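# Chain and residue survey
Take a look at the letters that make up each chain.
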Amino acid sequence: MTLSPGIQAAQRHGWRLIPVQGKAPTFKNWPTHPGMAPENASAWLAEGGNLGVLAGGNARLLIVDVDGILPPDIHLDDDTPQVNTARGRHYYYRVPDGVELKQANKVKLFGCLDVRHDGGMVVYPGSTHPNGTPYEWRMGYSPFDVDVADAPQFILGALQAKEPAPVQTGALQSPRTNDRTFSEAFTQAHFDAALRRVATAPEGARNDTLNRAAFSLAGFIPTGTLDAVSYTHLRAHETDSYL
């Protein structure tokens, strides 16, 4: 049996494929499945079934699911395999050797990224979304066109931290103050994003952007991870912009 390029790519990289119907696995305990034989995966596709690819495992596969357009302050490495989906794109990355993640899967990381690693899965190319849209490799970004890149450091940093403590509805979702590793990574990501928003604000919108950034960051001061000096520095730029 001739294998499709997608299944050949999975075989080459050690990616584990499983049968899915629509977007759901067809059996329980799928996270620990060793993966289908390539011939069986091809036959399942030929019969009209979908395939899922398991993240994590020996391949250390990490997949970032983006629905829609990324905000301007989030930048993903484009030089890695990518899949066009019904609503956006999947980015295939690898967790570097020696890096251990405390959070294997995360929904709405930084408000816009769904991340899948050990225990996670996404639908694989060659499959069809329930609305009829095919999952296809982005032109020029299949595993035969580009190598699998290491996952972006800002994503790895966030996933190496512990899950933040639950907060009350409406309260700032700040990290636990006794978890300095997470607190600093969480706060630094927000601070960097605020600076990027200010730096790229269009003419006429800078004052409003500065004001929003300063007030959004003020809530991090009580956690001890954003010192008053950094906040005052940002506010000073806000004042200067009116001169």
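Since this is a predicted model, take the numbers as computed values, not measurements.

Conventions we followed
Residues numbered from 1 in each chain as written. Predicted model: local features only at pLDDT ≥ 70, side-chain atom pairs only at ≥ 80, totals over all residues. Heavy atoms only, no water. Helix = DSSP H or I, 4+ residues; strand = E, 2+ residues; numbered from the N terminus. Contact = heavy atoms within 4.5 Å. Areas by Shrake-Rupley, 256 points an atom, 1.4 Å probe, with all protein chains shown as cover. Salt bridge = Lys/Arg side-chain N within 4 Å of Asp/Glu carboxyl O. Phe/Tyr/Trp six-rings, centres within 6.5 Å; stacked < 30°, edge-to-face > 60°. Buried < 20%, exposed > 50% of the residue type's maximum accessible area, 1.4 Å probe, protein only. Arc of directions from axis to C-beta. Pairing = 2+ DSSP bridges. pLDDT = per-residue confidence, 0-100. Axes fitted to C-alpha atoms, helices over the stretch in contact; angles between N-to-C directions.

## Regarding the overall build of the protein chain
Looking only at helices and strands, the protein chain has 6 helices and 11 strands in total. For the protein chain, long-range pairs separated by at least 24 residues make up 67% of all intrachain contacts whose partners lie at least 6 apart in sequence. For the protein chain, the exposed area adds up to about 12,900 Å²; of that, 51% sits on carbon and sulfur atoms.

## Considerations on the pattern of salt bridges
Taken as a whole and assessed by the stated rule, the structure comprises 4 salt bridges. Between Asp 97 and Arg 94 there is a salt bridge whose closest N-O contact spans 2.7 Å. What emerges from the salt-bridge pattern is a single network uniting Arg 60, Arg 94 and Asp 97.

## Some words on the packing of aromatic side chains
With the rule as written, the count across this model stands at 6 aromatic pairs. Members of the aromatic cluster, connected to one another through ring pairs, are Trp 15, Tyr 92, Tyr 124 and Trp 137.

## Regarding the environment of Pro 130
With respect to the helices and strands, the residue Pro 130 is situated in the loop between β9 (121-123) and β10 (136-137). A C-alpha to C-alpha distance of 7.9 Å links Pro 130 and Lys 23, two positions 107 residues apart in sequence. Leaving out residues up to four positions away in the same chain, Pro 130 has contacts with Gly 22 and Lys 23.

## Structural notes on helix α1 (residues 5-13)
Turning to α1, its buried residues number three or more, namely Gly 6, Ile 7, Ala 9 and Ala 10. Along α1, the residues classed as buried sweep out an arc of 155° about the axis, all on the same side. Seen from the open side of α1, the exposed residues pointing more than 90 degrees away from its buried face are Pro 5 and Arg 12. On its buried side, α1 packs onto β1 (16-21), α2 (38-46), β3 (50-54) and β10. Backbone geometry just after α1 places Gly 14 at a positive phi near 75°.

## A look at the pairing of strand β8 (residues 113-116)
Residues in a regular strand project their side chains so that they alternate between the two faces of the sheet. As defined by bridge partners, strand β4 (residues 61-67) adjoins β8 across 4 bridges and the pair is classed as antiparallel. Among the inter-strand pairings, Ile 63 is bridged to a residue of β8, identified as Arg 116. Pairing between strand β7 (residues 106-109) and β8: 2 bridges, direction antiparallel. By the bridge assignment for β8, Lys 106 is matched with Val 115. As consecutive antiparallel partners, β7 and β8 are separated by 3 residues, and within that stretch Phe 110 has a phi angle of approximately 55°, a positive value.

## Overview of the environment of Ala 46
Tracing the chain through its elements places Ala 46 in helix α2. Sequence separation between Ala 46 and Gly 126 is 80 residues, and the spatial gap between their C-alpha atoms is 9.7 Å.

## Remarks on α2
Each α-helix turn comprises 3.6 residues. Residues three or four places apart therefore point the same way. All of the buried residues along α2 are Pro 38, Ala 41 and Ser 42. The buried residues of α2 occupy an angular sector of 100° when projected down its axis, which confines them to one face. Packed against the buried residues of α2 are α1, β1 and β3. Directly beyond the C-terminal end of α2, a positive phi value near 95° is found at Gly 48.

## Let's talk about the confidence of the model for the protein chain
Here the protein chain averages 80 in pLDDT, while 71% of its residues score no lower than 70. Segment residues 167-182: pLDDT under 50, and 33 contacts once partners within four positions in sequence are set aside and those in other chains are kept. Contacts for the low-pLDDT stretch residues 238-243, under 50 throughout, to residues beyond four places or in other chains number 7 contacts.

## A look at the sheet that holds strand β2 (residues 24-25)
Taking strand neighbours across the sheet as the criterion, the 4 strands line up as β2-β1-β3-β9 in an open arrangement whose pairing is antiparallel. The strands lining the two open edges of the sheet, one partner per strand, are β2 and β9. With 2 bridges joining them, β1 and β2 adopt antiparallel strand pairing. Among the inter-strand pairings, Val 20 is bridged to a residue of β2, identified as Pro 25. Lying over the sheet, α2 contacts β1 and β3, oriented at roughly 140° with respect to β3.

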